[in-house]
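So the chains spell out like this:
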Amino acid sequence: MTADIATTRASKSWLTLAGLILLSLIPMLAGAVRLGELTGGAAPTVHNERFLDSPIPVLIHIISVTVFSLLGAFQFVPARRRRTNRWHRAAGRVLIPTGLLTALSGIWMAAFYPHPLGDGDVLEALRLLFGFAMVASILLGIRGIVRRKFSAHGDWMTRAYAIGMGAGTQAIVLIPGSIIFGSTHELSRTVLMGAAWVINLAVAEAVIRSRARRLLDRSAGTHKHSTNLTGITA
């Protein structure tokens, strides 16, 4: 029975990894197109003019979010973390700076790039809010490491990853909104893009609670086993 449970959990972990990678591919493909425009001498249009005028922030954002989303996905495979704790630490040293670069470049673009069609002041405020929330989550994750509170570290980095993956979820939820209201309808874009961040954070909180329950169950099982051994030796 224990072996079956372990197999089921391992399968779910790898399915989660596959899902996160697929979700990452959506903004990655858009980023690849944008990189092609920036490096290939594309003609200015209403959609890319702000990036061509100031390419450094978007270049930093595309590269950092690609590394953060793909490498971060592997942190959700518990078996891999347990077998290769050194790998987990090495990956963390990359994830923290790339996560901060992702958030800070996103904040810069929200604050200083002209609004694209369909974006308004409320959506800009949401971008800034979740950008700063991502920075705060990463900093709290760092504090967890320093204080050797590894569960808290994992919880805060999970929240940061959820915010960083917002673009993937937004690409999905914007499809019905674009069909119904049009791709530049300001209210629907604001509501749906904000909802995507909320969805990701809700999933992150569910993952955090599930992880906490497993730790409690494991701790209770260890305590029960220790109590039984004490009774036998007595």
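Residues numbered from 1 in each chain as written. Predicted model: local features only at pLDDT ≥ 70, side-chain atom pairs only at ≥ 80, totals over all residues. Heavy atoms only, no water.

If you check an unreviewed UniProt entry, the protein chain appears there as DUF2306 domain-containing protein from Cryobacterium sinapicolor.

Engineer: Please clarify how helix α8 (residues 166–181) should be interpreted in this entry.
Structural biologist: Each full turn of the α-helix corresponds to 3.6 residues, which orients residues three or four apart in the same direction. Here α8 is 16 residues long and its end C-alpha atoms lie 21 Å apart, about the 22 Å a rise of 1.5 Å per residue gives. Most pronounced at L174, the bend in α8 amounts to some 35°, and the proline P176 follows within four residues. If you check which residues of α8 are buried, you get G166, G168, T169, Q170, V173, L174 and G177. (Helix = DSSP H or I, 4+ residues; strand = E, 2+ residues; numbered from the N terminus. Expected span 1.5 Å × (residues − 1). Bend = angle between axes of the 7 residues up to and from the residue. Buried < 20%, exposed > 50% of the residue type's maximum accessible area, 1.4 Å probe, protein only.)

Engineer: Hey, could you run me through the UniProt feature "transmembrane region" (unreviewed entry) in the protein chain in this one?
Structural biologist: Within the UniProt annotation, "transmembrane region" (unreviewed entry) is assigned to residues 56–78, 90–113, 125–146, 158–181 and 187–208. Along residues 90–113 the backbone is 96% helical and 0% strand, and the end-to-end C-alpha distance reaches 34 Å. Here residues 125–146 is 100% helix and 0% strand, with 32 Å between the C-alpha atoms at its ends. (UniProt positions renumbered as here; feature names shortened; annotations may be inferred.)

Engineer: What's the story with unusual backbone geometry in this structure? I'm lost.
Structural biologist: When glycine is set aside, most residues are seen to have a negative phi, and most peptide bonds are trans. The backbone of R148 shows a phi angle near 60°, a positive value even though the residue is not glycine. Among the secondary structure elements, R148 is positioned in the loop between α6 (121–146) and α7 (150–164).

Engineer: Got a minute to help me understand the pattern of salt bridges in this structure?
Structural biologist: Pairs can form between side chains of opposite charge whenever their charged atoms are close. Going through the model one piece at a time under the given rule, you end up with five salt bridges. Note that D155 is salt-bridged to R211, the shortest N-O span being 3.2 Å. With D155 in helix α7 and R211 in helix α9 (residues 186–233), this pair connects stretches of sequence that are 56 residues apart. Taking the relative accessible area as the measure of exposure, R211 reaches 17% and is therefore buried. (Salt bridge = Lys/Arg side-chain N within 4 Å of Asp/Glu carboxyl O.)

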